[in-house]
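A closer look at the structure
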Amino acid sequence: EAGVAQSPRYKIIEKRQSVAFWCNPISGHATLYWYQQILGQGPKLLIQFQNNGVVDDSQLPKDRFSAERLKGVDSTLKIQPAKLEDSAVYLCASSPSGRGRGEQYFGPGTRLTVT
Amino acid sequence: EDQVTQSPEALRLQEGESSSLNCSYTVSGLRGLFWYRQDPGKGPEFLFTLYSAGEEKEKERLKATLTKKESFLHITAPKPEDSATYLCAVRKIKAAGNKLTFGGGTRVLVKP
């Protein structure tokens, strides 16, 4: 079974530029999550989708971050404009359903450096 | 507010030297406590889920236990390949979907 795919793996941009990350979850997984992991810290949830609807985006900085999940499969996370403090690894995860056992399966992440 | 605190932040072990990692949590209504392993440059890999106090789970050299306030991850006779960051996370009752709140992790280095 293929895992969660993310691209790009690395991205370097200057502050005030925009960037987009892509995620393809495990086939059949209805729930998709985007996390931000700052170096030395645990992942922090940014947004959760159930199919193509948003379940929780309470920690998403909506003035600069946006995310969508069209057709309930792939998802993109965008930052515009980027700030220095956005430097982090952006992890995508998926799980079979919102009422399942709860374990989430993570992709390899995209490491973003903002200079 | 939900809080998850892991200790120590870092742990250096000799191969074969058993030790334990701690995850203490404050959450109103625990629906599950999760342990993940994260290797450098990779996403977290699921290890265990514990649901109630007194529950234990084992996988190879790892054993996770749960009380009402904390969880322990015991590493028995570790090998260098057990070197990684170990993350714990909690899910609360009535959490939206499967929202997990993670601790900061414990970085484990096992030297041969």
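Just above sits the structure.
The present account deals with the structure reproduced in this document. (Residues numbered from 1 in each chain as written. Chains lettered and ligands numbered in written order. Predicted model: local features only at pLDDT ≥ 70, side-chain atom pairs only at ≥ 80, totals over all residues. Heavy atoms only, no water.)

Further remarks concern the interface of chain B and chain A. The partner chain A presents 27 residues to the 21 residues of chain B that form the contact. In this assembly, chain B packs against chain A so that about 1,700 Å² is buried in total across both faces, 47% of it on carbon and sulfur atoms. The largest per-residue losses of area from chain B upon contact with chain A belong to B:Asn98, B:Lys99 and B:Phe102, which jointly make up 30% of the total buried on that side. If you look at where chain B meets chain A, you find one salt bridge. Ionic pairing is found between A:Asp56 and B:Lys99, a salt bridge with its closest N-O pair at 3.8 Å. For the pair chain B and chain A, the interface holds three residue pairs in polar contact (both at pLDDT 80 or more). Every element with two or more residues in the side of chain B that touches chain A is listed here: β4 (30-38), β5 (45-50) and β9 (84-92) of chain B. Among the elements that take part in the side of chain B that touches chain A, β4(B) stands out by supplying four residues, more than any other. Considering only residue class, the side of chain B that touches chain A consists of nine nonpolar, eight polar and four charged. (Contact = heavy atoms within 4.5 Å. Buried area = accessible area lost by both parts, 1.4 Å probe. Salt bridge = Lys/Arg side-chain N within 4 Å of Asp/Glu carboxyl O. Polar contact = N/O pair within 3.5 Å; in protein donor to acceptor, adjacent residues only side chain to side chain. Helix = DSSP H or I, 4+ residues; strand = E, 2+ residues; numbered from the N terminus. Nonpolar A, V, L, I, M, F, W, Y, C, P; charged D, E, K, R; others polar.)

All names here are of chain A. On the basis of which strands lie adjacent, the open sheet formed by four strands has the order β1-β3-β8-β7 and antiparallel pairing. What marks the edges here is a single partner per strand, and that holds for β1 (5-7) and β7 (65-68). The average undirected angle you get between the axes of adjacent strands in this sheet is 15°. Note that strand β3 (residues 19-24) and strand β8 (residues 75-79) share five bridges and pair antiparallel. Across the sheet, residue Cys 23 finds its bridge partner in β8, namely Ser 75. (Pairing = 2+ DSSP bridges. Axes fitted to C-alpha atoms, helices over the stretch in contact; angles between N-to-C directions.)

Turning to unusual backbone geometry, a few remarks are in order. Residue A:Pro8 follows A:Ser7 across a cis peptide bond; omega there is -10°. Its place among the elements puts A:Pro8 in the loop between β1 and β2 (10-13). Between B:Ser7 and B:Pro8 the backbone carries a cis peptide bond, its omega angle lying at -10°. Along the chain, the position of B:Pro8 falls in the loop between β1 (3-7) and β2 (10-14). You will see that A:Lys71, though not glycine, has its phi angle at about 60°, which is positive.

Residue and element names in this part refer to chain B. Across the sheet, five strands lie side by side as β1-β3-β8-β7-β6; this open sheet has antiparallel pairing. Two strands lie at the open edges of the sheet, namely β1 and β6 (56-59), each paired on one side alone. Direction aside, the axes of adjacent strands within the sheet are offset by 15° on average.

Looking now at the packing of aromatic side chains. One pass over the structure, following the stated rule, counts nine aromatic pairs over all chains. When the centroid spacing of 5.8 Å and the interplanar angle of 90° are considered together, the rings of A:Tyr35 and B:Phe102 count as edge-to-face. Remark: B:Phe102 occurs in strand β10 (residues 101-102) and A:Tyr35 occurs in strand β4 (residues 31-37); the pair is interchain, linking two chains. Pair check on accessibility: A:Tyr35 and B:Phe102 agree, each one buried. Three or more aromatic residues joined by ring pairs form one cluster here, namely A:Tyr33, A:Tyr35, A:Phe106, B:Tyr36, B:Phe46 and B:Phe102. (Phe/Tyr/Trp six-rings, centres within 6.5 Å; stacked < 30°, edge-to-face > 60°. Buried < 20%, exposed > 50% of the residue type's maximum accessible area, 1.4 Å probe, protein only.)

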